[in-house]
Amino acid sequence: MRQERLKPFVIWLAELHGSGADIDALHQSLCRELVKLGYGIWRSGLLLETLDPEFSGGRTIWSRDGEEELQVTLNPHSKDLSETYARSPLKIIDETGRTLRARLDAPILALPLFEELRAEGATDYMIVPLAFAERRRSAGLSFTTDAPGGFTDEDVNELEIISKLISATFEVRLLRHIAINLLETYVGPQAGASILDGSVKRGDGGRMRAVIWYSDLRNFTRLTETMETSELLDLLNEYFDIFGTAATKRGGEVVQHIGDAIMIYFTVRDDSTDGMVTAGVIEAAEEALAGLDAANEARRARGAVEIKCGIGLDIGEVTHGNVGSVRRLSFNVVGPAVNRASRIETLTKALGTPLLMSADFARTTGRPWLSAGWHALKGVPDPVEIARLPDPARAAKERVDEDRRPEPLRADPLRS
């Protein structure tokens, strides 16, 4: 074993601790260091299983084929991915817990990856299981060379040691990635960042100016009584996905899924204005309703129940923060604007339109709007003027009706 190569690596690794490098940047930096130390690496793969509702894991592939290149790929949960894993070197090291080496200039295991690498001119391959404390998730680091004769035995031994030494650093980065990702998934990016920054005590929070979006499904009680569980959950997920996607693209964060209801807030930040935020919210609401129309067309075609709902919008000062019992907290947003938005939503069915807002909100949007009258809202001390957007179809019909209406009788000027 050559101490003259391992010692510089250990010094590099010690200096690396405490850096904020992401997983892919860390992998790239490692490969550059190993090339500098003379290991003749042509390609390296970092394969990690994660904890994510959308992706099962990911990989970064570093290569020096001509110019240095780094590819990052996330793997969605799928049956195809399971079949790919079943024919991969990662599965072998998961099962054995030992390094796998394959001389590619000799007879090889019948694995698609090995055939691909050999066709590209690789001569030797090895993959090391990373020594993570959490062993339930797959983690492997591979090295490939195109040097004539492949890796030396000393190369293989030293690369094994190097992989074990850097395992903890990769695991720390992965655990942080998982923590951030799960917090964003369950409480939203803004609340998740606040939690990671230390706002974890009951009562931690503050005040902010925000738009509140409140949506609720129509006839949900009847749906729960008549639909199969899988169909009901599919309906809810389709509805939540359409609305949540439209809102989050424009800075909205879902506070809660409350049964069949969604509450979303859009912060009016110091570098923004009411109008900039509310204009984006209107665009999101229109996109969500258009997406719902398209989804319902597909649902009708297959005989599924349509999704019908309303949206209520308001703007104002709200309180946000951690509420709950000592050991069971949730991030919440409360205030008059929250109450008004939910009450405005209940009017959408009675007024025959899926989208209503307070006139205070409508005035900031820069969009044409129509008054839907003043209404007493439950829990709100004073009546609130409600606004709606002009309906192009309704406006066109009103113009046609106006054109067809008989002209009023006029007095005959000769008889006056």
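Model, not experiment: these values are computed from the prediction.

*Asks:* Got a sec to walk through the side chain of Arg43? Specific residues and values, please.
*Replies:* Structurally, Arg43 can be placed in strand E1 (residues 43–49). Residue classification places Arg43 among the buried residues on the basis of a relative accessible area of 18%. Not counting residues up to four positions away in its chain, the partners in contact with Arg43 are Ile61, Trp62, Ser63, Leu113, Glu116, Leu117, Glu120, Ser142, Phe143 and Thr144.

*Asks:* Lay out helix H11 (residues 336–351) with the relevant residues and their values.
*Replies:* An ideal rise of 1.5 Å per residue puts 22 Å on 16 residues; H11 measures up with 22 Å between its terminal C-alpha atoms. Where H11 is concerned, the buried positions are Ala337, Val338, Ala341, Ser342, Ile344, Glu345, Leu347 and Thr348. Backbone geometry just downstream of H11 places Gly352 in the positive-phi region, at approximately 70°.

*Asks:* Quick rundown of the packing of aromatic side chains? Include the residues and the values.
*Replies:* Using the criterion set out here, one finds 7 aromatic pairs in the structure. The interplanar angle of 65° and the centroid separation of 5.2 Å between the aromatic rings of Tyr239 and Phe243 together place this pair among those described as edge-to-face. Taken together, the positions of Tyr239 and Phe243, both in helix H9 (residues 229–248) and 4 residues apart, correspond to about one turn of that helix. An aromatic cluster of three or more residues is present, and its members are Trp213, Tyr239, Phe240, Phe243 and Phe266. Here the guanidinium or amino end of Arg5 rests over the ring plane of Tyr39, the centre of that ring lying 3.7 Å away.

*Asks:* Quick rundown of the pattern of salt bridges? Include the residues and the values.
*Replies:* Scanning the entire structure with this criterion turns up 23 salt bridges. Notably, a salt bridge pairs Arg363 with Asp360, separated by 2.9 Å at the nearest N-O pair. Here Arg363 pairs with Asp360, and both are found in helix H12 (residues 359–364), just 3 residues apart, close to one helical turn. The class of Arg363 is partly exposed, set by a relative accessible area of 49%.

*Asks:* Any chance you could break down the nonpolar core for me, citing the residues and the numbers?
*Replies:* Trp213, Tyr239, Phe243, Leu313 and Met357 are the most contacted members of the largest nonpolar core, which has 40 residues in total. Secondary-structure elements contributing two or more residues to this core are strand E7 (205–217), helix H8 (220–226), H9, strand E9 (261–267), helix H10 (274–301), strand E10 (309–325), strand E12 (355–358) and H12. Ignoring anything within four residues of it in the chain, the contact list for Leu313 reads Ile212, Trp213, Val281, Ile282, Ala341, Ile344, Leu355, Leu356, Met357, Ser358 and Phe361. Membership of the second largest hydrophobic core comes to 31 residues, among which are Leu34, Leu48, Val128 and Leu159.

Thresholds, definitions, all that
- Residues numbered from 1 in each chain as written.
- Predicted model: local features only at pLDDT ≥ 70, side-chain atom pairs only at ≥ 80, totals over all residues.
- Heavy atoms only, no water.
- Helix = DSSP H or I, 4+ residues; strand = E, 2+ residues; numbered from the N terminus.
- Buried < 20%, exposed > 50% of the residue type's maximum accessible area, 1.4 Å probe, protein only.
- Contact = heavy atoms within 4.5 Å.
- Expected span 1.5 Å × (residues − 1).
- Phe/Tyr/Trp six-rings, centres within 6.5 Å; stacked < 30°, edge-to-face > 60°.
- Lys NZ or Arg CZ within 6 Å of the ring centre and 35° of its normal.
- Salt bridge = Lys/Arg side-chain N within 4 Å of Asp/Glu carboxyl O.
- Core = buried A, V, L, I, M, F, W, Y, C linked by side-chain atoms within 4.5 Å.

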